[in-house]
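Structural overview for review
Listed here are the chains, written in short residue letters.
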Amino acid sequence: MGSSEKRSKDVMSDIPTFSGENLQKNLKVIQNSRTFLSIIAGVLAGIIGFTGLTGFVFYFVVMLITSVGLMAKAGFSADLYFDSWNRVLFDGFLGGLMSFVLFWTFAYDLVHIF
């Protein structure tokens, strides 16, 4: 009986537990970071004068750098703060695309057309 109790305690310590509030806060930080950087990247793409596919490639490069930066901020141990690596790498990846396009076209129009 002592052996089975010890084994069940080991199994319980291997199960990751997360606080729902902390997980939501961490996901909100990722979403806000991606949205902010999407806006900044859109303005930069417009000022630089990117058009067509190069603007979208610029967006995906910025989002890739953002993912690496967020992983570095988490100390490359996302398992401590999120339920999976996919949350850090891909959550909100396309969510900022509309903001990017809006500010990209706005800045491009201001600088290059008017």
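Since the model is a prediction, treat every value here as computed from it, not as a measurement. (Residues numbered from 1 in each chain as written. Predicted model: local features only at pLDDT ≥ 70, side-chain atom pairs only at ≥ 80, totals over all residues. Heavy atoms only, no water.)

With that settled, the discussion passes to the packing of aromatic side chains. As enumerated under the stated definition, the model contains five aromatic pairs in all. Between tyrosine 59 and phenylalanine 60, the ring centres sit 5.4 Å apart and the planes meet at 70°, which makes this aromatic pair edge-to-face. Relative accessible area serves as the criterion here: at 0%, tyrosine 59 is assigned to the buried category. A relative accessible area of 34% means that phenylalanine 60 is categorised as partly exposed. When the centroid spacing of 5.3 Å and the interplanar angle of 35° are considered together, the rings of phenylalanine 100 and tryptophan 104 count as tilted. Here tryptophan 104 and phenylalanine 100 lie together in helix 5 (residues 97-113), a separation of four residues that amounts to about one turn. (Phe/Tyr/Trp six-rings, centres within 6.5 Å; stacked < 30°, edge-to-face > 60°. Buried < 20%, exposed > 50% of the residue type's maximum accessible area, 1.4 Å probe, protein only. Helix = DSSP H or I, 4+ residues; strand = E, 2+ residues; numbered from the N terminus.)

Time to look at the environment of aspartate 91. Note on placement: aspartate 91 falls in the loop between helix 4 (85-90) and helix 5. For aspartate 91, a relative accessible area of 26% translates into the label partly exposed. Considering only alpha carbons, one finds aspartate 91 and glutamine 31, 60 residues apart in sequence, at a separation of 7.4 Å. Sequence-distant contacts of aspartate 91, defined by excluding residues within four places in its chain, comprise Leu27, Ile30, Arg34 and Asn86. (Contact = heavy atoms within 4.5 Å.)

Moving on: the packing of helix 3 (residues 53-73) against helix 5. Relative to each other, helix 3 and helix 5 sit at 130°, their axes nearing to 11 Å. Judged on the interaxial angle alone, helix 5 and helix 3 are oblique. Helix 3 and helix 5 meet at a crossing whose hand is right-handed. Residues Gly55, Phe56, Phe58 and Tyr59 of helix 3 form the contact with helix 5, whose participating residues are Leu97, Phe100, Val101 and Trp104. Classifying every residue of the contact of helix 3 with helix 5 by side-chain character gives seven nonpolar, one polar and no charged. (Axes fitted to C-alpha atoms, helices over the stretch in contact; angles between N-to-C directions. Parallel < 35°, antiparallel > 145°, perpendicular 65-115°, else oblique. Left-handed = near helix turned anticlockwise from the far one by under 90°. Nonpolar A, V, L, I, M, F, W, Y, C, P; charged D, E, K, R; others polar.)

A cluster of nonpolar side chains, Leu53, Phe56, Val57, Phe60, Val61, Ile65 and Leu94, forms an exposed patch at the surface whose accessible area comes to about 660 Å². Relative to the elements of secondary structure, phenylalanine 60 occurs in helix 3. (Patch = residues over 30% accessible without salt bridge, like charges linked within 9 Å, V, L, I, M, F, W, Y side chains within 5 Å. Areas by Shrake-Rupley, 256 points an atom, 1.4 Å probe, with all protein chains shown as cover. Salt bridge = Lys/Arg side-chain N within 4 Å of Asp/Glu carboxyl O.)

Here we come to the UniProt feature "transmembrane region" (unreviewed entry) in the chain. Under the UniProt annotation, "transmembrane region" (unreviewed entry) lies at residues 33-50 and 88-108. Across residues 88-108, helical content stands at 71% and strand content at 0%; the span's end C-alpha atoms are separated by 30 Å. (UniProt positions renumbered as here; feature names shortened; annotations may be inferred.)

What follows covers helix 2 (residues 20-48). In this model, helix 2 (29 residues) spans 42 Å end to end at C-alpha, consistent with the 42 Å of a helix rising 1.5 Å per residue. For helix 2, the full list of buried residues reads Leu23, Leu27, Ile30, Arg34, Ser38, Ala41, Gly42, Ala45 and Gly46. Summarising the contacts, the buried residues of helix 2 are in contact with helix 3, helix 4 and helix 5. Backbone geometry just after helix 2 places glycine 49 at a positive phi near 100°. (Expected span 1.5 Å × (residues − 1).)

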